[in-house]
Amino acid sequence: MLRATLKGMASRKARLVLTSLAVVLGTMFVAAAMVLTATMEKSVSGVISDAFTGVDAVVTSAEDPAAAQGNTPSATLIPAAVLDTVRGVDGVDSADGDVSGQVNAIGDNGKLVGAFAPTIGFNWNDAGAEGDGYNEIRDGRGPQADDEVIVSAQFVSDAGLSVGDTVTAYSYSADRADYEIVGVFGLPGGRDSLAGETQMGFTTTEAQRLLTQGENAYMTIYVDGDASTGDIADAVGADYRVQTGEEASDEAAEGFAAVADIMGYIFLGFGLVAVFVSVFLIINTFTIIVAQRQRELALLRAIGAARNQVVGSVLAEAAVIGVIASIAGLGLGVLLGWGLSQLVSSSAMGGLPVALQVPATSLWSLAVGIGVTVLSAIIPAVKASGVPPVAAMREAVNPPKPLRGITIAGLAVTLVGGVLVVLGLTDNLGDLGLPGFLTGVGIAFVGITLLTPILSRPLVALLGAVMSWSFSGRLGKLNAGRNPRRTAITASALMIAVALVTGIATIVSSFKETTAEMTEQNLDSDLIVMGQQGANIPTFAPETLAEIKALPDVSAVGDVYGEFFGAQVDGDQAALLASEDLATSLEIFSGTVAEGSVADLPDDGLVVNESAAEDRGLSLGDTVPVTFADGTAVQLKVTALLEDDLLTDGWWVAPAQIEHFTVPKPMQAYIQVADGADVGAVQDEVDDILADEPEVSVTNNADFVEQQTSQLDVLLNSVQILLALAIIIAIIGVVNTLVLSVLERTRELGLLRAIGMTRGQARRMITVESVIICLFGAVLGIAVGIGLGWTVQQALEEEGLTSFALPWGLIVGYLVAAVAVGLLAAIAPAARAAKLNVLNAIAYE
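Small disclaimer: the values here were computed from a predicted structure and weren't measured.

Here the focus is empty space enclosed by the protein. Taken as a whole and assessed by the stated rule, the structure comprises 3 cavities of 30 Å³ or more. If you add up the space inside the largest cavity, you get close to 70 Å³. Lining of the largest cavity is provided by Y172, I537, T539, G562, E563, F564, F565, T662, V663, K665 and M667. For the lining of the largest cavity, the class distribution of residues is 6 nonpolar, 3 polar and 2 charged. Taken as a whole, the second largest cavity spans an internal volume of roughly 50 Å³. In this structure, the second largest cavity is lined by F280, L281, N284, T285, I489, T490, A493, G733, N736 and T737. Counting residues per element, the lining of the second largest cavity draws most heavily on helix 7 (residues 245-292), which supplies 4 residues. For the lining of the second largest cavity, the class distribution of residues is 4 nonpolar, 6 polar and no charged.

A separate point is helix 5 (residues 204-211). Listed in full, the buried residues belonging to helix 5 are E206, A207, Q208, L210 and L211. Looking at the packing, one finds that the buried side of helix 5 touches strand 4 (100-106), strand 5 (119-123), strand 8 (166-171), strand 9 (174-186), strand 10 (198-202) and strand 11 (217-218). Where helix 5 terminates, the next one or two residues include Q213, which has phi positive at roughly 55 degrees.

This part is about the nonpolar core. Most often, soluble globular proteins have nonpolar side chains that are buried together. Core analysis: the largest hydrophobic core is formed by 71 residues, its most contacted members being V277, I729, M765 and I766. Top contributing element to this core by residue count: helix 22 (residues 759-795), with 14 residues. Not counting residues up to four positions away in its chain, the partners in contact with I729 are A22, L25, G26, A274, V277, S278 and L281. In this structure, V103, F155, A174 and V184 belong to the second largest nonpolar core, which totals 42 residues.

Take the side chain of T539 next. Looking at where T539 falls in the secondary structure, it is placed in the loop between strand 14 (527-530) and helix 16 (542-549). Taking the relative accessible area as the measure of exposure, T539 reaches 3% and is therefore buried. Once residues lying within four places of it in the same chain are set aside, the contact partners of T539 are V663, K665, P666, M667, E693, E695 and V696.

Right, let's talk about the packing of aromatic side chains for a bit. Ring pairs (aromatic) are described by centroid distance and by the angle formed between their planes. As enumerated under the stated definition, the model contains 6 aromatic pairs in all. With a centroid separation of 5.9 Å and an interplanar angle of 85 degrees, the aromatic rings of F122 and F185 are classed as edge-to-face. Taken together, the residues span a long stretch of sequence, with F122 in strand 5 and F185 in strand 9 at a distance of 63 residues. Residues F122 and F185 agree in their burial class; the two are buried. Ring centres of F589 and Y670 lie 5.0 Å apart, and the angle between their planes is 90 degrees; on these two criteria the pair is classed as edge-to-face. Here F589 is found in the loop between helix 17 (582-588) and strand 19 (593-596), whereas its partner Y670 is found in strand 24 (residues 666-673), with 81 residues between them in sequence. According to the relative accessible area criterion, Y670 is buried, its value standing at 7%.

A separate point is a nonpolar patch on the surface. Nonpolar side chains collect at one region of the surface, where L375, I378, I379 and V382 lie side by side and expose about 370 Å² of accessible area between them. Top element by residues in the nonpolar patch is helix 11 (residues 378-385). It accounts for 3 residues. With respect to the element layout, I379 can be found in helix 11.

What follows deals with the sheet that holds strand 1 (residues 57-61). The 4 strands are arranged 3-12-1-13 in an open sheet whose pairing can be described as antiparallel. Each edge of the open sheet is held by one strand with a lone partner, namely strand 3 (92-98) and strand 13 (240-244). For this sheet the average axis-to-axis angle between neighbouring strands, irrespective of direction, equals 20 degrees. As paired strands, strand 1 and strand 13 are joined by 5 bridges and run antiparallel to one another. Paired with V58 across the two strands is Q243, which belongs to strand 13. Relative to strand 3, helix 3 (residues 80-87) is tilted by about 165 degrees, and along the sheet it contacts strand 1, strand 3, strand 12 (220-225) and strand 13. Lying over the sheet, helix 6 (residues 229-236) contacts strand 1, strand 12 and strand 13, oriented at roughly 170 degrees with respect to strand 13.

It is worth spelling out unusual backbone geometry at this point. At S590, a residue that is not glycine, the phi angle is positive and equals roughly 60 degrees. Notably, D600 is not glycine yet its phi reads approximately 50 degrees, a positive angle. Summarising the element assignment, D600 is placed in the loop between strand 19 and strand 20 (605-609). Judged by its relative accessible area of 76%, D600 falls in the exposed class.

Along the polypeptide, V236 turns up in helix 6. The spatial distance from the C-alpha of V236 to the C-alpha of T85 is 6.9 Å, given a sequence separation of 151 residues. If near-sequence neighbours (up to four positions away) are discounted, V236 is found in contact with V82, V86 and V242.

What follows is about the side chain of N609. Mapping N609 onto the fold places it in strand 20. A relative accessible area of 4% means that N609 is categorised as buried. Looking at N609, its side chain comes within polar contact range of the main-chain nitrogen of G650, at 3.0 Å. What N609 contacts, discounting residues up to four positions off in sequence, is L642, D644, D649 and G650.

Our focus in this paragraph is a negative patch on the surface. A cluster of acidic side chains, namely D553, D678, D684, E685, D687 and D688, defines a negative patch on the protein surface. Among the secondary structure elements, D553 is positioned in the loop between helix 16 and strand 15 (554-563).

Packing of helix 15 (residues 484-522) against helix 22 leaves a shortest axis separation of 6 Å and a crossing angle of 35 degrees. You can see that helix 15 and helix 22 cross each other, and the crossing is right-handed.

Across the interface, helix 14 (residues 471-481) lies against helix 22 with an axial gap of 8 Å and an inter-helix angle of 45 degrees. If you check the angle between helix 14 and helix 22, you find them oblique. Crossing angle aside, the handedness with which helix 14 passes helix 22 is right-handed. Across from F471, S472, G473, L475, G476, K477, N479 and A480 in helix 14, the residues of helix 22 making contact are Q761, R764, M765, V768, E769, I772 and I773. Looking at the contact of helix 14 with helix 22 residue by residue, the class counts come to 7 nonpolar, 5 polar and 3 charged.

Rules used in this analysis
- Residues numbered from 1 in each chain as written.
- Predicted model: local features only at pLDDT ≥ 70, side-chain atom pairs only at ≥ 80, totals over all residues.
- Heavy atoms only, no water.
- 1 Å grid on protein atoms, 1.4 Å probe; cavity = no way out; pocket = protein on both sides within 12 Å on 5 of 7 lines; lining within 4 Å.
- Points joined across faces, edges and corners; volume = space filled by probe spheres on them.
- Nonpolar A, V, L, I, M, F, W, Y, C, P; charged D, E, K, R; others polar.
- Helix = DSSP H or I, 4+ residues; strand = E, 2+ residues; numbered from the N terminus.
- Buried < 20%, exposed > 50% of the residue type's maximum accessible area, 1.4 Å probe, protein only.
- Contact = heavy atoms within 4.5 Å.
- Core = buried A, V, L, I, M, F, W, Y, C linked by side-chain atoms within 4.5 Å.
- Phe/Tyr/Trp six-rings, centres within 6.5 Å; stacked < 30°, edge-to-face > 60°.
- Patch = residues over 30% accessible without salt bridge, like charges linked within 9 Å, V, L, I, M, F, W, Y side chains within 5 Å.
- Areas by Shrake-Rupley, 256 points an atom, 1.4 Å probe, with all protein chains shown as cover.
- Salt bridge = Lys/Arg side-chain N within 4 Å of Asp/Glu carboxyl O.
- Pairing = 2+ DSSP bridges.
- Axes fitted to C-alpha atoms, helices over the stretch in contact; angles between N-to-C directions.
- Polar contact = N/O pair within 3.5 Å; in protein donor to acceptor, adjacent residues only side chain to side chain.
- Lys, Arg positive; Asp, Glu negative; His and termini not counted.
- Charge placed at Lys NZ, Arg CZ, Asp CG, Glu CD.
- Left-handed = near helix turned anticlockwise from the far one by under 90°.
- Parallel < 35°, antiparallel > 145°, perpendicular 65-115°, else oblique.

Here it is, written out as structure tokens:
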């Protein structure tokens, strides 16, 4: 039986290759995700381990380590006296204090260097002409005066500056200063950066001016020597944390490992989608093959093969395909994972050396590929075992099975999923609301997939009507609808990919529409001053805001200051907001005062939206303890309550409290232009005022909406690229189905050719069938995707996603792409049908 199975496979090489491709692609992405994650974790941990070479102990504050790495007044610092204490511990050969944090530098284009990757400032501990013990000087020298700086090679590339040039830098807590670039350094291994960041090395005094408000203190102390961590800890006291260099290295690597894990999970998710799509292809292929081999299987039964032997034969064929394809997928996945690691390293991590890792977990991709292939073949195998021996004596006739059972099952599953979705949307699932909602969406998705056979009849007839103007078109339409199960399962692979992309595109469009409507309805401004959110929180000088307010054609300006670094309200972390003129700002934001007044807000006044006040049990006149990030603690009185609105929700304090903010500068300004004034001319005037403000720019409302939603377009494009894998598998599925269908209909095609059908008509018939199947999958996928997008929008309506919008341009694009996919998939099957020898085809079987 095994020999018969293997010989049968050898006679169907083309079919097996097409089926194997789906398994290869799915397995490849799963393996690549695991290789990418392991490789990036190993590479990053290696680099960080290099950074701790020669470091035997690390001293930081006993407070949250993340706070000790900040660059704000709230950062926990280590006084210089502690460094002296560490240096006096027996066994300590050397100890250096480190000051590091984010700074802002202005490049040769007048804008910030590294808008989306931070610029890190630190104190350069000069260890001679070669570097500081870790960084390697490539040109020039280290800084010797407070107006000198050494910069990383990545900084030179991003800023367009080099040795001898002057660069302006500042921080949130220190004013601008000019520095001469006296040197350029790189990281070990010839890298320009660790993760795309730029770096600037200052003298210790200047680094402290920028990052510790001039306090003679450090954020970390690095120790070299034989002293134990216990001796050092006893010397510095309980206020400080002492780790070995290895412990500190492992802790530093954890953050980067989390990023690598996220990237791996993303690729793994798309790989599993590809595997799921391949299930439909495998089921369809084996179903058709079993149907075509009905006489062969009946002969085997007639000469004594038992049912379980027939099942074993089909499953053995699936297992062989699964093993070969999975091994190939694993090998290609290792190569893809290595390539992706190189891409991530060069584009986002400054040329990080990549140390290829093939983890043992990547072998799971073999289990996934083999398991999916064998499991997908079980139903066709069971069907094969039911072929009676008498079928060997007659022609194989396989009439379509009734759709009643699968339709009832599909309706039941869809109903269950729909009920869970409704219960989740109406908050009737309690703590299981979100999990129940997502489970309902998944169940409904499965139910709709089960309903595709019954839906194929009317939809195929409707789509085929457009192409039925010719004899070939009518036959193509009839062929597409003659076996609803086969058409449905072939189209389902494409449906899944299109549904996911359409669902995400619908959510993105809804976000854009919500932002546009909110801007149009609630934001009564003509111009907006703000920056692109990235590594920095963009701000500008209060004096610049005053200049804008003083323009003759400006009637009003609303402004927003923000505190996001460790402020507390009633003991809980909270963001604080402020405005120089809250009444005017609320008017521009269309904010509504529900109780109290915001006019002439007293220094101890506090304004909050109603839901936030209700959550804390506050009412008008209540006193609330507020602690700012600089440690200032005050008692503020609730002087007004605002109606809930996304633009105005939050805790608003008086202008007198702005001095306690980490960054006492406005983040945004919303400008009303006087009636009759030229908005474009005012925008030019504001742009001139902002010439020395590298972090912000002025835009109109339309550009503001585009700016706020631009990252969503990047997300959508990325998803479409990654889901292209599933679409490729869907194309393979259509090709496979058509090739096998042509083979199944060999005698039928021969008879058609015998009564006068031309080769061209045969090609067109197969092409129409292919296009109809692809359009059916695309239309169904678009409908499901729209439903998915609407469901998510409804779930997020209370969170602010109030508008529902369809991505009409993308929908049309997907339909056009479906036609193109149908044409592409039909090339090989149509050519095969056209080349059939008429006499041989009539005599087939």
